[in-house]
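Structural description and commentary
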Amino acid sequence: MQLKPVLTFAAGKLLRLGLLLLAVAVFTFVLLSLSPIDPVQAYIGADMLQISPEQRQLIAERWGLDQPMLLRFGDWLGQLLQGNWGTSMVFNQPVSEVIASRFRVSLQMLAIAWLLSGILGLGLGILAGALAGTWIDRAIRLYAYTLASSPTFWVALLLLITFSVSLRITPICCAAPPGVLAADITIWQHLHHLLLPAITLSIIGIANIALHTRQKLIDVLHSDYILFAHAQGETLWGVIRHHGFRNLILPALTLQFASLSELFGGSVLVEQVFAYPGLGEATVQAALRSDVPLLVGIVFFSALFVYTGNTVADLAYPIVDPRIRLGGWQA
C-alpha cells in the first residue's frame, strides 16, 4: 500500500473531525445556555423553595453559572484541551468518569443490536430481492415498512408489555436484578436483562438495510452480465454468490455504519423504557436537569463515536473490494 494516499486520507479525516467537534461543542453549549430551564432550579429540584437567595447564589458560583456564557465556554474549552471534561452537576463526578461507566453498560447492547440488525437485514434483503414478487418478498416488505414507520419507544413499550408483563420471559427493567451487588451478578443474569433492549434496537435497524439490499439486488439481477451468466447455465443462488454479493456488501456496509447515529439516538429512548442505566439514560437526566458539562460531553463523545464508525467503514472498503483506493487514489 502506498504511504502518501494513506497520510492524505488520515490528515483529511483528522481535519474534518476537528471542525466537526468544534461545531458540535459550540452549538450544543450555546443551545443549552439559552435554554429556558433554570439550571439551579433543575439541580435543586423539589427543595427549591427551602433554600435562601444566598444559598442559590452560592450554588450558582460553585458551578460557574453566574458567569457570562462566553467566559464559561472559554473555561470549558481550555479545560477540555487539558484533558478535563468538567464535573457533572447531576452525578457530582467528573464527566469523563460518568461517560466511561455509562458507555460500558450501553456498549454491549449497541454492539449486539448493530450486529443483529446488519446480519438479519442483509439476509432478509437478499431473500426478498431473489424472490421478488413472491409472498416471501411481500411479507418481508410488510415487516420492513411497518417497523420503518414505527416510533422506537412504541416498539419498546410493545415488546416490554408482551415479553416482560404478559409472558414474564424477560425482566421489566434495569441491567441487573434489584438488590444484587455488581460483583454477584452472573453472566446469565446480565444477558437476561440485556436481551430485550438489544433485540428492540436490532428490530428497528433491520428495516432500512433489508429494503436497500432488496432493491440493490433486483437492480443487479436485471443487469446484462447477470443475463449472460444465466445464459451460461448459472443458477439464481450461484449468480448471487459469485456476482451479486460483492455489489451488495459495499452499500450495505455504508448503510450499516451510517446507522450508528440512529442506533445511538434509539438507545436513548430504549434505555428510558427499560430503565437501563446506560449512556442514553444519563443523557435524559443531563437534559432534564440542565447539566451542561455532562450533556456537552455526551454530545461530544457521540459525535466522536459516529465519526469513528464512518471512518472504519471507509477503511473497510479496500478490504472488501481491492479496486477501491483510500482518498480516491488509483494504483
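First, a word on scope: everything that follows refers to the structure included in this document. In this text, all values refer to a predicted model and were calculated from it rather than measured experimentally. (Residues numbered from 1 in each chain as written. Predicted model: local features only at pLDDT ≥ 70, side-chain atom pairs only at ≥ 80, totals over all residues. Heavy atoms only, no water.)

1. Quick look at the overall build of the protein chain
Formally: The way it works is that DSSP assigns letters per residue, a run of H or I at least four long becomes a helix, a run of E at least two long becomes a strand, and they are numbered from the N terminus. The contact criterion used is simple: two residues touch if any of their non-hydrogen atoms lie within 4.5 Å. What sets the accessible areas is the Shrake-Rupley method with a 1.4 Å probe; for residues, cover comes only from the shown protein chains. A positive count includes Lys and Arg, and a negative count includes Asp and Glu. His and the chain ends are not counted in either. Charge positions are represented by NZ for Lys, CZ for Arg, CG for Asp and CD for Glu.
Counting its secondary structure elements, the protein chain contains 13 helices and zero strands. Starting at the N terminus and walking to the C terminus, you meet the elements of the protein chain as α-α-α-α-α-α-α-α-α-α-α-α-α. Across its three principal axes, the protein chain shows a C-alpha extent of roughly 85 × 60 × 40 Å. When contacts within the protein chain are restricted to residue pairs at least 6 apart in sequence, those whose partners lie at least 24 apart make up 72%. Of the accessible surface of the protein chain, which amounts to about 18300 Å², a share of 68% is contributed by carbon and sulfur atoms. Averaging the locations of the 18 positively and 18 negatively charged side chains of the protein chain gives two centres separated by 11 Å.

2. As for the pattern of salt bridges
Rules: What makes a salt bridge here is a side-chain nitrogen of Lys or Arg within 4 Å of a carboxyl oxygen of Asp or Glu, nothing more. Any residue under 20% of the maximum accessible area for its type is buried, any over 50% is exposed, and the rest in between are partly exposed; the area is computed with a 1.4 Å probe on protein chains only.
Overall, the coordinates contain four salt bridges when judged by the stated rule. A salt bridge links Arg141 to Asp137, with the nearest nitrogen and oxygen atoms 3.5 Å apart. With a gap of four residues between them, Arg141 and Asp137 both fall in helix H6 (residues 135-148), about one helical turn apart. One salt bridge connects Arg214 with Asp137, and the closest N-O pair in it is separated by 2.7 Å. Of the two residues, Arg214 sits in helix H8 (residues 187-221) while Asp137 sits in helix H6, which places them 77 residues apart along the sequence. Grouping residues by exposure puts Arg214 and Asp137 together as buried. Here the residues in one salt-bridge network are Asp137, Arg141 and Arg214, joined through shared partners.

3. Thoughts on the layout of surface pockets
Just so we agree on the cut-off: Space inside and on the surface of the protein is sampled on a 1 Å grid over the protein atoms alone, with a cavity defined as a set of points where a 1.4 Å probe fits but cannot get out and a pocket as an open set with protein on both sides within 12 Å along at least 5 of 7 lines; lining residues have an atom within 4 Å of a point. Grid points are joined across faces, edges and corners, and a volume is the space filled by probe spheres set on the points. Residues were grouped as follows: Ala, Val, Leu, Ile, Met, Phe, Trp, Tyr, Cys and Pro as nonpolar; Asp, Glu, Lys and Arg as charged; and all remaining residues, including Gly, as polar.
Reported here for the largest pocket is a volume of approximately 360 Å³. Along the walls of the largest pocket sit 15 residues, with Trp63, Gly64, Arg72, Gln79 and Pro293 positioned nearest its centre. Of all the secondary-structure elements, those providing two or more residues to the lining of the largest pocket are helix H4 (69-81) and helix H13 (292-320). The element contributing the most residues to the lining of the largest pocket is H4, with four residues. Its residues placed into classes, the lining of the largest pocket shows seven nonpolar, five polar and three charged. Here the second largest pocket defines a volume of roughly 310 Å³. The wall of the second largest pocket is formed by Arg102, Arg104, Val105, Gln108, Ala175, Ala176, Val180, Ala182, Ile185, His190 and Pro277. For the lining of the second largest pocket, the element with the highest residue contribution is helix H5 (residues 95-130), accounting for four residues. Tallied by class, the residues present in the lining of the second largest pocket amount to seven nonpolar, two polar and two charged.

4. Focus on helix H11 (residues 260-273)
Inclusion rule: Helix span is expected to be 1.5 Å times the residue number reduced by one.
The terminal C-alpha atoms of H11, which comprises 14 residues, lie 20 Å apart, in line with the 20 Å expected from a rise of 1.5 Å per residue. For H11, every residue scored as buried is listed here: Leu260, Leu263, Phe264, Gly266, Ser267, Val268, Val270, Glu271 and Val273. On the buried face of H11, the contacting elements are H5, helix H7 (152-166), H8, helix H10 (236-258), helix H12 (279-288) and H13. Just downstream of H11 lies Ala275, where phi reads positive at about 50°.

5. Digging into the environment of Val180
The topology assignment puts Val180 in the loop between H7 and H8. The exposure class of Val180 is partly exposed, given its relative accessible area of 31%. Separated by 109 residues in sequence, Val180 and Leu71 place their C-alpha atoms 45 Å apart.

6. With respect to the nonpolar core
Note on soluble globular proteins: their nonpolar side chains tend to be buried together. Keep this limit in mind: To form a nonpolar core, buried Ala, Val, Leu, Ile, Met, Phe, Trp, Tyr and Cys residues must be joined to one another through side-chain atoms within 4.5 Å.
Of all hydrophobic cores here, the largest spans 48 residues; its most connected members are Trp76, Ile99, Leu201, Phe274, Leu279 and Leu294. A per-element tally of this core places H13 first, with nine residues. Ranked by size, the runner-up nonpolar core spans 14 residues in total, among them Ala130, Ile226, Leu248 and Ile249.

7. Let's talk about empty space enclosed by the protein
One pass over the full model with this rule turns up two cavities of 30 Å³ or more. Estimated volume of the largest cavity: approximately 50 Å³. Lining the largest cavity we find Pro171, Ile172, Cys173, Cys174, His192, His193, Leu196, Pro197, Phe274 and Tyr276. A class-by-class count of the residues in the lining of the largest cavity yields eight nonpolar, two polar and no charged. As a volume, the second largest cavity reaches approximately 30 Å³. Lining of the second largest cavity is provided by Ser106, Leu110, Phe264, Ser267, Val268, Glu271, Leu279 and Gly280.

8. Thoughts on a nonpolar patch on the surface
Defined as follows: Within this analysis, patches are made of residues with over 30% relative accessible area and no salt bridge. Like charges are joined at 9 Å or less; nonpolar side chains (Val, Leu, Ile, Met, Phe, Trp, Tyr) at 5 Å or less.
Among the surface-exposed residues, Phe153, Trp154, Leu157, Leu158, Ile161, Val165, Ile172 and Leu269 lie close enough to one another that they form a single nonpolar patch of about 730 Å² accessible area. Per-element accounting of the nonpolar patch gives the leading share, six residues, to H7. Structurally, Leu158 is set in helix H7. Look at Leu158 and you get partly exposed, because its relative accessible area is 42%.

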